[in-house]
Amino acid sequence: MRTALVRRALLTASGASLALLATACGSSGGAGTEQDAKPSAAAPSPSPTPEAKALTAAELEKLTLADGDVRDVKIEKAGADDVAKAAEVTTGRPECTALAQAGGLAPVGKAVTTTERIGVGKPSDPADPLSVSATSVQLASYDGKGAEEALASLKAAGQACGGGFTTTAKGEKTTVKSVTPSTVTAGDDAAAWAIATEDEGEALHSQMVAFRKGNNLVVIHTVRFDARPASAQAFIDAQLQKLG
């Protein structure tokens, strides 16, 4: 839901297009995020207690995805243009605020520490530079049951906002046409949605996944630019492996 994320992938696609023209044929390209890693077999963490404390910034950084963790995807720290503060995200429908914040890489609920990453895959079709995906990943840590409460607010927003809403993050407006729940299994509790948006006149389709592991919450948002469905699975698997 953030145009900065869209621009990042389109720049990558444009670079791929120029490379294809320069070489007249190009290389075989990567398989993108659709080639999944094996899911983590770690046992679920217990529900956090009221006394649970959030991870420090240094501790959270060690659990954050890094370049090389997802096959054929370049992962970088999100820039200032990619990440919004909660106060910089507004929506005409207050019940949709949690989804709007997640789409703007703003913290949901009372997160104590967060990290943000953006990954852009290689074209899955070497003949089509737009066959790429861009994925944002926010890892947030909470005191007490804050992660459960944040995930509950996302679930409530997903139920209430199926018909869409408008949101503005850091002055950039996005129109969400629809939010459709989908099935996902990850961590201790999870939810996912297929999201159709209109961003600067372009129709886009994405998948957003939120899952809790202990008192940490992961929100993954994957946007594709061709007709193939967006899939966050490779990022889910990689992040679960990091969390253990």
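If you're wondering where the values come from, they're calculated on a predicted model, not measured in any experiment. (Residues numbered from 1 in each chain as written. Predicted model: local features only at pLDDT ≥ 70, side-chain atom pairs only at ≥ 80, totals over all residues. Heavy atoms only, no water.)

**A look at helix H4 (residues 146–160)**
Convention followed: Think of it this way: any DSSP run of H or I at least four residues long counts as a helix, any run of E at least two long counts as a strand, and we number them from the N terminus. Expected helix span is given by 1.5 Å per residue-to-residue step, counting one fewer step than there are residues. Accessibility here uses a 1.4 Å probe with only protein chains present; expressed as a share of the type maximum, an area under 20% marks a residue as buried, one over 50% as exposed, and anything in between as partly exposed. Within this analysis, the arc is defined by the directions that extend from the helix axis to the C-beta atoms.
End to end, H4 covers 21 Å across 15 residues, agreeing with the expected 21 Å (1.5 Å per residue, within 8%). By the burial criterion, the buried members of H4 are Gly146, Ala147, Ala150, Leu151, Leu154, Ala157 and Gly158. Along the axis of H4, the buried residues cluster in a sector spanning 135 degrees; they form a single face. Exposed residues pointing more than 90 degrees away from the buried face of H4 are listed as Glu149 and Gln159.

**Description of the confidence of the model for the protein chain**
Short version of the rule: pLDDT expresses, on a scale from 0 to 100, how confident the predictor is about each individual residue. Should any heavy atoms of two residues lie within 4.5 Å, those residues are considered in contact.
The predicted model of the protein chain has a mean per-residue pLDDT of 82, with 79% of residues at 70 or higher. When pLDDT is averaged over each element of the protein chain, helix H2 (residues 57–62) comes out on top at 97 and helix H1 (residues 3–23) at the bottom at 46. Within the model, pLDDT remains below 50 along residues 13–43, and this stretch shows 44 contacts once partners closer than five positions in the same chain are excluded.

**Notes on unusual backbone geometry**
The backbone phi angle of Asp72 is positive, close to 60 degrees, even though this residue is not glycine. In this structure, Asp72 sits in the loop between H2 and strand E1 (73–77). Positive phi, normally seen in glycine, also occurs at Leu105, with a value near 60 degrees. You can see Leu105 is positioned in the loop between helix H3 (97–103) and strand E3 (113–121). The exposure class assigned to Leu105 is buried, which follows from its relative accessible area of 4%.

**Things to note about the nonpolar core**
Rules: In this text, buried Ala, Val, Leu, Ile, Met, Phe, Trp, Tyr and Cys residues form a nonpolar core when linked through side-chain atoms within 4.5 Å.
Leu99, Leu154, Phe165, Trp193 and Leu217 are the most contacted members of the largest nonpolar core, which has 28 residues in total. Where this core is concerned, the elements lending two or more residues are H3, H4, strand E5 (165–169), strand E6 (172–182), strand E7 (189–199), strand E8 (202–213) and strand E9 (216–224). Looking at this core element by element, the count peaks at five residues for H4. Listed in part, the 23 residues of the second largest apolar core include Leu63, Leu65, Ile75 and Ala192.

**A closer look at the pattern of salt bridges**
Using the following cut-off: Here, a salt bridge means any Lys or Arg side-chain nitrogen found within 4 Å of an Asp or Glu carboxyl oxygen.
Inspection of the entire model under this criterion finds 10 salt bridges. Here Arg93 makes a salt bridge to Glu95, at a shortest N to O gap of 2.9 Å. Bridged by salt links that share partners, the residues Lys145, Glu148, Asp188 and Arg212 form one connected network.

**Observations regarding the side chain of Gln207**
Test applied: Definition of a polar contact: a pair of N or O atoms within 3.5 Å, with one able to donate and the other able to accept a hydrogen when the atoms are protein atoms, and with sequence-neighbouring residues admitted only if both atoms are side-chain atoms.
Turning to its location among the elements, Gln207 is positioned in strand E8. A polar atom in the side chain of Gln207 sits 2.8 Å from the backbone nitrogen of Ala232. Setting aside anything within four residues of it in sequence, one finds Gln207 in contact with Ser182, Trp193, Ile220, His221, Thr222, Ala230, Ser231 and Ala232.

**A closer look at the side chain of Thr64**
As for its placement among the helices and strands, Thr64 is situated in the loop between H2 and E1. Excluding residues within four positions of it along the chain, Thr64 makes contact with Asp69, Thr115, Arg117, Leu139 and Lys242.

**Details of the environment of Ser141**
Mapped onto the elements, Ser141 comes out in strand E4 (residues 133–141). Put simply, Ser141 and Lys110 are 31 residues apart on the chain and 9.0 Å apart in space, counted from C-alpha to C-alpha. The contact partners of Ser141, leaving out residues within four places of it in the chain, are Ala54, Leu55, Leu60, Ala111, Val112, Thr113, Asn215 and Asn216. Of the polar contacts made by the side chain of Ser141, one reaches the backbone nitrogen of Leu55; its length is 2.8 Å.

**Quick word on helix H5 (residues 233–243)**
Helical periodicity: at 3.6 residues per turn, an α-helix aligns residues three or four positions apart in one direction. Most of H5 sits inside the fold, with eight of its 11 residues counted as buried. Regarding H5, the residues found buried are Ala234, Phe235, Ile236, Asp237, Ala238, Gln239, Leu240 and Leu243. Buried residues in H5 make contact with E1, E3, E4, E8 and E9. Residue Gly244 follows H5 closely and has a positive phi angle near 80 degrees.

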